[in-house]
Structure formats: C-alpha cells, structure tokens
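Commentary on secondary and tertiary structure
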Amino acid sequence: MGDYIIVFPKLYCKKCDKKYKGRFDANYEWCLSCQTNNLKQNFTNWTSGNEKIDNLIQEMQLEINKLDDIIFEWIPYNQFNDIKEIGEEGFDKVYSAIWNDGPLGFDKYKNEYTRNLQDIKVALKLYSGLLNEIKEDLNKYYGKIFGISQNPYTKNYIIVLENGFSRICEKCGEIKEYICLLCYKNYLKKFLFNWSGNEKIDNLVKQKQLKINFFIDIIFEFIPYNRFNDIKEINRTNCTIIYSAVWNDGPLLHNNKKWARESNKKVSLKLYNLQNIDEFLNEVLKLLISFFFGKYYNLFFFLSL
Ligand SMILES: [Zn+2]
Ligand SMILES: [Zn+2]
C-alpha cells in the first residue's frame, strides 16, 4: 500500500468563474470568454480610419481560440523603421522592416497580453489593389500575420507578416515553426532534473517530456513532495483525497521566447491510496489518454510521489 499523487491546475477562471474550455487553458489561466471580452472592449481604442478594414480586423481578432494565437491588429505605419525592399510577389512588393512595439503575446506569468518582443524584424507586403486581395492573402498566410497597416503617403494597404519565409532552423537544419522546437527541447533539458528514482515513473515522465509539440504544451515532470506548501484537504472518497496546495517552484512555461518557472502556483493534488506503483501508473495512463482525446482536456499536468 502507498500514497500516490497527481497534480492538477485550478479549473475555473478567477475572473468570470467559468470553467476553462481549451486543452491548455487551465494551465495558463487563459479564459477564452474573458479574452474575447477584453478585445471587444478595446475596439473603441483603435481605428484604421476605414470602416471595412476595422470590421475585418475585428472579425480576425474574435477568431482567437487559444493562447498562442496571434492577436491580429491595426498597426500604424510609424511603428516601422528601417524599411527595405526585399522582393516581389506577383504585382505586390515585399519589404523587410523593424516593428518598434512588436506583437501582443500572452504573458504566462502576468496572465495578460503584453508586448515583450520589441524591435522585431517583420515582412511587409504592400498591396496596389483592393480589399479582396488582402482577404485572400489572410487565408494564405493564416497564423503568420500580425495585422494590417497603411502607407499614409501612397495610401497602399500593407499586411504585416512574420519575418523569414525560410522555415529551416539555422542551428540544426530542421523545419521550424516560429521557433525551432528541436533546439528548444534540448535547451529545456537544463531545467528538468528532478527524478523519482523509480524506473517506471521516470520512463513515463521522460516519454511525455519528449512529446511536446507546441509551446503551449504542458511540461510533464516529477515533483518532489517537499516542493508543496500550504496543503489543505478539500474532499475525500474511499481511495482518493483532494488537496489544494501551493507549488513553490511552479510549472515550467515557455514565455517571451524562453523557458522559466511560474513560482508559487496554486494547484490541486489528488492523492490515491493504491496497492502498488503499477496501479498508480494505470491511473496516470487513463488520465493521459482521456486528456489526449480532449475528454478531460484541462485535467492535469504534473506528477508527484
Ligand atoms: Zn474568464
Ligand atoms: Zn533547430
């Protein structure tokens, strides 16, 4: 007989009390309905000066459904420096430029959108034609567009794209998304050094760590019990007890292009009183599978003993 623990995030939004919807939302306290409301409330704080463009940008903003989605914006032309022509695409010219303020990104520590990537290099595609052309390109470059701008002198509209049409990592040669995941997995290893000493548990944890696909993926890890404070019993059944607790180190998050921990994170602990470690691993695998199929999507992230 022994006690085994799985660690869960809080499942309800601090602000609106609704249950988090998306797969990783609870882990990062990112609430779709709160974020959509924030964007709507901000509609009056910006304008392109053209109603059709404003509507288009508003529509694009309200399409967000996860925390690493780009917040599509109206970007004033005076935000760009060092504009250089780099090529042509059809009848449209493409420029490189430095965007002073940089894009909005969800800060996983502050739990709000901030601009932490200043002076980033972007590509500007300039349109000689009509709004329809821009709309077509919004689909073509979906997920790579920061927003729309306009040259105030020529009145041409511009879409602002992520820099780098090259999708090959300069370091390792692998195909990358915004940042190279392979290089980041290697970098990540520096932060993970707690092991249970039980081969079965450690193998499971290692397997899960190697499977990250996106920067919002949770980092599954072994957490020594002495990393928890303020442990309070909340609920008890025959073979499980639920506690609330504060995790000193907190989860490992990818934020502003680097990995770091969000300390003093409030979590729930679920303690299982089971015969042996295999029974516990079965419970963990059951959760992992239902997690994978989205059934209990924001259930858990970490494992402790
Ligand atoms: Zn909310
Ligand atoms: Zn790489």
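Residues numbered from 1 in each chain as written. Chains lettered and ligands numbered in written order. Predicted model: local features only at pLDDT ≥ 70, side-chain atom pairs only at ≥ 80, totals over all residues. Heavy atoms only, no water.

As annotated in an unreviewed UniProt entry, the protein chain is Protein kinase domain-containing protein from Rhizophagus irregularis.

1. Here's the deal with the coordination of the zinc ion (ligand 1)
Definition in use: A donor here means an N, O or S atom no more than 2.8 Å from the metal, or no more than 3.2 Å when the metal is Na, K or Ca. Since water is not included, a site may seem to lack partners. Only four donors with every angle between 85 and 135 degrees are called tetrahedral; only four or six donors with opposite donors over 155 degrees apart and all others between 65 and 115 are called square planar or octahedral, in that order; all others are irregular. What counts as a helix is a DSSP run of H or I of at least four residues, what counts as a strand is a run of E of at least two, and both are numbered from the N terminus. Burial classification: accessible surface area is computed with a 1.4 Å probe over protein chains only, and a residue below 20% of its type maximum counts as buried, one above 50% as exposed, and the rest as partly exposed.
Those donors, Cys13 (SG), Cys16 (SG), Cys31 (SG) and Cys34 (SG), are the protein atoms that reach the zinc ion (ligand 1), and they lie 2.3 Å from it. Taken together, the four donor atoms surrounding the zinc ion (ligand 1) define angles of 106 to 113° at the centre, an arrangement classified as tetrahedral. One chain supplies every donor for the zinc ion (ligand 1), spaced along it as C-x2-C-x14-C-x2-C. Residue Cys16 is located in the loop between β1 (2-9) and α1 (25-28), and its partner Cys31 is located in the loop between α1 and α2 (32-41); the two are separated by 15 residues in the primary sequence. Judged by relative accessible area, Cys16 falls into the partly exposed class, the value being 28%.

2. Re the pattern of salt bridges
For side chains of opposite charge, pairing can occur when their charged atoms come near one another. How we decide: Here, a salt bridge means any side-chain nitrogen of Lys or Arg that lies within 4 Å of a carboxyl oxygen of Asp or Glu.
In this structure the tally under the stated criterion is 13 salt bridges. Linked through salt bridges whose partners overlap, the residues forming this network are Lys14, Glu29, Glu262 and Lys265.

3. With respect to the side chain of Ser96
The condition that has to hold: Throughout, a contact is declared for two residues whenever any of their heavy atoms are within 4.5 Å.
If you trace the backbone, Ser96 turns up in strand β4 (residues 92-99). Judged by relative accessible area, which is 9%, Ser96 ranks as buried. Those residues in contact with Ser96, other than ones at most four positions away along the chain, are Asp82, Ile83, Lys84, Ile86, Lys121 and Val122.

4. Topic: unusual backbone geometry
Non-glycine residue Asp17 carries a positive phi angle of around 70°. Considering the arrangement of structural elements, one finds Asp17 in the loop between β1 and α1. Here Asp119, not a glycine, exhibits a phi torsion of approximately 50°, which is positive. Assignment of secondary structure puts Asp119 in the loop between β6 (112-114) and β7 (120-127).

5. Quick look at the side chain of Ser33
Among the structural elements, Ser33 can be located in helix α2. Look at Ser33 and you get buried, because its relative accessible area is 18%.

6. As for the environment of His254
With respect to the secondary-structure elements, His254 resides in strand β13 (residues 252-255). The exposure class of His254 is buried, given its relative accessible area of 7%. Residues His254 and Lys108, spaced 146 residues apart in sequence, show a C-alpha to C-alpha distance of 8.0 Å.

7. Concerning the environment of Tyr113
If you trace the backbone, Tyr113 turns up in strand β6. Sequence-wise, Tyr113 and Gln35 are 78 residues apart; in three dimensions their C-alpha atoms are separated by 9.2 Å. Apart from the residues within four sequence positions on either side, Tyr113 is in contact with Trp30, Gln35, Ile64, Leu67, Ile71, Leu104, Gly105 and Phe106.

8. A look at the packing of aromatic side chains
What counts is decided by this rule: Stacked, tilted and edge-to-face pairs are distinguished by plane angle, under 30 degrees for stacked and over 60 for edge-to-face with tilted covering the rest, among Phe, Tyr and Trp rings (Trp via its six-membered ring) whose centres lie within 6.5 Å. We count a charge as sitting over a ring when the NZ of a lysine or the CZ of an arginine lies within 6 Å of the ring centre and within 35 degrees of the ring normal.
Under the definition given, this model contains eight aromatic pairs. On the numbers, 5.3 Å between centres and 65° between planes, the contact of Phe106 with Tyr113 is edge-to-face. Side by side, Phe106 and Tyr113 carry an identical accessibility label, which is buried. Aromatic rings pair up to connect Tyr77, Phe80, Trp99 and Phe146 into one cluster. One cation-aromatic arrangement involves Lys108 over Tyr28; the distance from NZ or CZ to the ring centre is 5.0 Å. Lying across the ring of Trp195, Lys206 places its NZ or CZ 5.2 Å from the centre.

9. Here we look at helix α4 (residues 131-140)
So the rule is basically this: It is the directions from the helix axis to the C-beta atoms that the arc portrays.
Every buried residue of α4 is accounted for by Ile134, Asp137 and Leu138. Buried residues of α4, seen end-on, are gathered within an arc of 110° and therefore sit on one face of the element. Within α4, the exposed residues directed more than 90 degrees away from the buried face are Asn132, Glu136, Asn139 and Lys140. Buried residues belonging to α4 abut α3 (51-62), β7, β8 (145-150) and β9 (157-162).

10. Remarks on the environment of Cys16
As for Cys16 and Ser33, which are separated by 17 residues in sequence, their C-alpha atoms are 8.4 Å apart. Beyond its immediate sequence surroundings of up to four residues, Cys16 is in contact with Cys31, Ser33 and Cys34.

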